[in-house]
Structure formats: structure tokens, C-alpha cells
Amino acid sequence: MPKITMPFAAVNLIKPFWDICRLKRMPQDIPASRFLFNVVLCTYLLLSTVFNLIGSTITEACLFSLLMTTLLLVFIRILLLTRQYDRRMLQTATALMGTSIVLFPASFALRYWFYVIENSGTESNLAGYLWICLFIWERFISAHILRHALDIRFIFGFLISVGYVCFEYQVIVVFHRAVTQWLT
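The following refers to the structure shown. Just so it is clear, the model here is predicted, and its values are computed rather than measured.

## Some thoughts on the packing of helix 3 (residues 58-82) against helix 4 (residues 89-120)
1) Next: Relative to each other, helix 3 and helix 4 sit at 140°, their axes nearing to 10 Å. Classified by the interaxial angle, the pair formed by helix 3 and helix 4 is oblique. For helix 3 against helix 4, the interelement crossing comes out right-handed. Where helix 3 approaches helix 4, its residues L72, L73, I76, R77 and L80 are matched on the opposing element by M89, T92, A93, L96 and M97.
2) Next: A class-by-class count of the residues in the contact of helix 3 with helix 4 yields eight nonpolar, one polar and one charged.

This is the structure in C-alpha cells:
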């Protein structure tokens, strides 16, 4: 039987990020390309905005997307500078954002499911368990990328990843309050 290949460039673009999600590739396997970084960054910003549209206005979604992306890029930059690996910025940032793009369908589906559950006043243990699984998988992916980008042990990459999520959550809570007051 002949092998079916997809002629879409997107498939070839997504495969390396999917392999990183499966811990089969490293961020070094992503080209240090400014063009690729810009494509991934624009896609990441767009999908972050779509993700944040659930339960938010378009203004809030755009602001949150910009804030989260800026936080991520500044955080990566600081981490790499502390280890004097700033030349790894393009590959590390591209790998982290690219893997988030690959996981977007699952993240979006779960976010929407939680939104429906919350609005209906019901509960779902399955949704909670799936969210925990996705969260842990994302932390493993981030740890894998950070381990290679910073030349550290996997556990330290995992702890940095969890610490970043806690920090990001705190910033978003404060920012959400400020935006809500500003828009009302």
C-alpha cells in the first residue's frame, strides 16, 4: 500500500514540536531561525487570544495573550542569561511556544468544557482529571526543554516550570483585577 503523505507545510512544521512533546527531540533540534520564531510567535499569540476569549472580552483576551507571551519570553531570557546561554533564546522560545501550539486543541477543549460546566452549575471529575494530566504533561515537556536549554537536571527543569506557572498565575490574577477595573 502506498504511503500517504500530506503536502501541507504545516504538518512538516508541527512534527518536530510533536516529537518534543513526546520527549523524542530536544530544543536544539529546532532551527535557530528568526523567521520560524516569528511564525511560531504570531501563531502562539493568536491561539492564546482565542484561548482567552472563553469567558472574556476580546480586549481582555488580547491583553492577557500579550501579557502571557511577554512574561514567557522575559522569563526564558532571564533564565538563559543566568546560565550565559543567551544564544539559545530563539530555539528555546520557539520550542516552548511550538509545543504549546501543538497542545492547543486539547487545552482549548478542556477550557471550553470547564466554561460549560461552570455556567451550568455542574461538576465533572473527568474534566478535572484530564486537566491535571494535561498540566503534568505540559510541565514534563517544559522541564525537558529547560533541561536541555539550561544544561540542568530534569527535576530542576520541572521545578522551574512549576514555579513559572505559579508566578504567571499570580501576575494574571493581579492583571485581571486591574483590567476589570479599567474596563468598567
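Moving on from the coordinates now.
## Notes on unusual backbone geometry
1) Next: In the Ramachandran plot, L23 falls in the positive-phi region, its phi being about 65° despite a non-glycine side chain.
2) Next: Judged by relative accessible area, L23 falls into the partly exposed class, the value being 39%.
3) Next: With a phi close to 60°, Q84 is a non-glycine residue in the positive phi region.
4) Next: With respect to the helices, strands and loops of the structure, Q84 is situated in the loop between helix 3 and helix 4.
5) Next: You can call Q84 exposed: its relative accessible area is 66%.

Cut-offs applied
- Residues numbered from 1 in each chain as written.
- Predicted model: local features only at pLDDT ≥ 70, side-chain atom pairs only at ≥ 80, totals over all residues.
- Heavy atoms only, no water.
- Axes fitted to C-alpha atoms, helices over the stretch in contact; angles between N-to-C directions.
- Helix = DSSP H or I, 4+ residues; strand = E, 2+ residues; numbered from the N terminus.
- Parallel < 35°, antiparallel > 145°, perpendicular 65-115°, else oblique.
- Left-handed = near helix turned anticlockwise from the far one by under 90°.
- Contact = heavy atoms within 4.5 Å.
- Nonpolar A, V, L, I, M, F, W, Y, C, P; charged D, E, K, R; others polar.
- Buried < 20%, exposed > 50% of the residue type's maximum accessible area, 1.4 Å probe, protein only.

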